[in-house]
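# A structural walkthrough
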Amino acid sequence: MKERKGFPVGMVWLVALVFLVWGHAVCSAEEVVVKMATLAPQGSEWQQVLQEMGAAWQKASRGQVVLRLYPGGVAGDDNDVVRKMRLGTLGAAFLAIHGISEIDRSVLALEIPLAYADYGELDCVLDGMSSQLEKIYESKGFVILGWSDAGWVHFFTKSPVKTPEDMKQQKMFIWAGDDRYLELWKKAGFNAVPLPSTEISTALQTGLVNAVTSTAQGVLLLQWYKQVDHMTDFKWAVLLGAMVMTKSTWEKIPSDVRPAVKEEARNACLKLREFSRKSEPKDIDVLKKQGLEIVPVEDAAVGEWRRLIDGVVQQVRGSYVPADALDSAMKLRSRCRQKAAGTGNP
């Protein structure tokens with residue numbers, strides 16, 4: 001009897017099984033493209049660090065996670081970016097405080113003007129609140145990958161500003177899109193002009209505004225020093241930021257890769273925070289060489305600002321900033337101060 005030619009039946013089933021497993025592996029390893037927006041300028045240290053983070057993501061995921069970065073505000077202001085994230089057009093963003101608060105206002109408890117004396121106080125309070133804040137944002141469909149900041153915010157103005165009355169004479173930029181925030185400033189007697197942050201340069205050039213609250217780094221990078229001549233020398237607030245990803249994008253990333261993605265994101269956030277804080281004195285020196293005048297603020301003037309802020313805080317508690325978040329932040333601040341002074345434990 002002649003021997004039958006061709007593959008034995010068992011071999012056919014084995015080949016079919018190999019193709020089935022291989023096909024499943026290919027599907028499960030499908031590339032996840034994370035579209036991330038940031039206001040950080042093209043070519044800045046911020047963009048570079050984020051690009052390095054993207055390369056680390058790609059390496060750790062064996063090519064499964066790819067970062068596509070949109071720097072320099074090309075995707076719009078932070079409120080535009082949050083809207084696009086909700087629509088699914090963008091998957092992630094590095095947001096400043098205005099953008100983070102578009103999702104939930106609890107974070108504003110960390111941005112109360114003159115509330116924190118130094119970086120140590122803010123870091124201590126953020127460490128105590130970050131876990132709860134991250135749960136709040138996750139419940140709203142967003143994952144916080146890391147917290148960062150761009151340093152201390154100051155007033156940068158066309159003419160010297162020391163007191164609240166001085167600032168009331170200015171046309172002051174505020175973030176557009178938040179009517180309650182605008183109302184607070186106007187109610188306090190300030191001439192607030194709401195604009196997207198992407199339009200500040202043009203507004204300064206045309207005289208639509210002549211005062212901005214920003215960091216020295218921001219004024220230098222965006223060349224606003226060409227239109228503003230003075231910096232008020234007190235620590236108004238730290239410009240907080242966070243790297244945020246939509247939960248839907250996060251869940252597309254394979255579960256075994258997510259820890260590495262989050263670790264690299266947090267490393268990038270810490271690197272940017274340290275860069276901003278260390279560069280601040282040098283940035284101010286560069287601005288001074290460009291002709292910027294530093295305006296000293298006496299204790300009496302600081303007292304006027306504190307009284308103004310204290311009155312506003314009472315108005316916004318519960319109506320603008322969630323009461324539980326604000327109360328938690330202030331209690332933590334007291335404990336952090338006690339710990340720093342060596343008189344108690346947080």
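Residues numbered from 1 in each chain as written. Predicted model: local features only at pLDDT ≥ 70, side-chain atom pairs only at ≥ 80, totals over all residues. Heavy atoms only, no water.

## Regarding the nonpolar core
- Membership of the largest hydrophobic core comes to 63 residues, with the highest contact counts inside it found for Leu-110, Trp-147 and Trp-236.
- In terms of residue count, the dominant contributor to this core is helix α5 (residues 119-139) (seven residues).
- Ignoring any residue separated from it by four or fewer positions in sequence, one finds Leu-110 in contact with Tyr-116, Leu-122, Val-125, Leu-126, Met-129, Leu-133 and Leu-240. (Core = buried A, V, L, I, M, F, W, Y, C linked by side-chain atoms within 4.5 Å. Buried < 20%, exposed > 50% of the residue type's maximum accessible area, 1.4 Å probe, protein only. Helix = DSSP H or I, 4+ residues; strand = E, 2+ residues; numbered from the N terminus. Contact = heavy atoms within 4.5 Å.)

## Description of helix α2 (residues 45-60)
- The end-to-end C-alpha separation of α2 is 22 Å, in line with the 22 Å expected for 16 residues at 1.5 Å each.
- Restricting attention to buried positions, one finds in α2 the residues Trp-46, Gln-47, Val-49, Leu-50, Met-53, Gly-54, Ala-56 and Trp-57.
- Trailing α2 by a residue or two, Arg-62 shows a phi angle of about 55°, which is positive. (Expected span 1.5 Å × (residues − 1).)

## What to know about the confidence of the model for the protein
- Averaged over every residue, the pLDDT of the protein is 91; residues scoring 70 or more account for 90%.
- Scored below 50 in pLDDT, residues 1-5 makes zero contacts in the model with residues more than four places away or belonging to other chains.
- Contacts of residues 11-28 to residues separated by more than four positions or lying in other chains number two contacts, the stretch itself having pLDDT below 50. (pLDDT = per-residue confidence, 0-100.)

## Observations concerning the packing of aromatic side chains
- Across all of its chains, the model carries 13 aromatic pairs by this definition.
- Seen in terms of ring centroids, Phe-155 and Trp-305 are 5.2 Å apart; in terms of plane orientation they differ by 50°. Their pairing is tilted. With Phe-155 in strand β4 (residues 142-157) and Trp-305 in helix α12 (residues 299-316), the pair connects residues that are 150 residues apart, well separated along the chain.
- What makes Trp-305 buried here is its relative accessible area of 0%.
- Judged by centre distance (6.2 Å) and plane angle (20°), the ring pair of Phe-190 and Trp-305 falls under stacked. Of this pair, Phe-190 sits in the loop between α7 (179-187) and β6 (191-195) while Trp-305 sits in helix α12, and the two are 115 residues apart along the sequence. Grouping residues by exposure puts Phe-190 and Trp-305 together as buried.
- Among the aromatic residues, those joined into a cluster by ring pairs are Phe-155, Tyr-181, Trp-185, Phe-190, Phe-234, Trp-236, Trp-305 and Tyr-320.
- The ring of Phe-190 carries the charged tip of Lys-168 above its face, separated from the ring centre by 5.6 Å. (Phe/Tyr/Trp six-rings, centres within 6.5 Å; stacked < 30°, edge-to-face > 60°. Lys NZ or Arg CZ within 6 Å of the ring centre and 35° of its normal.)

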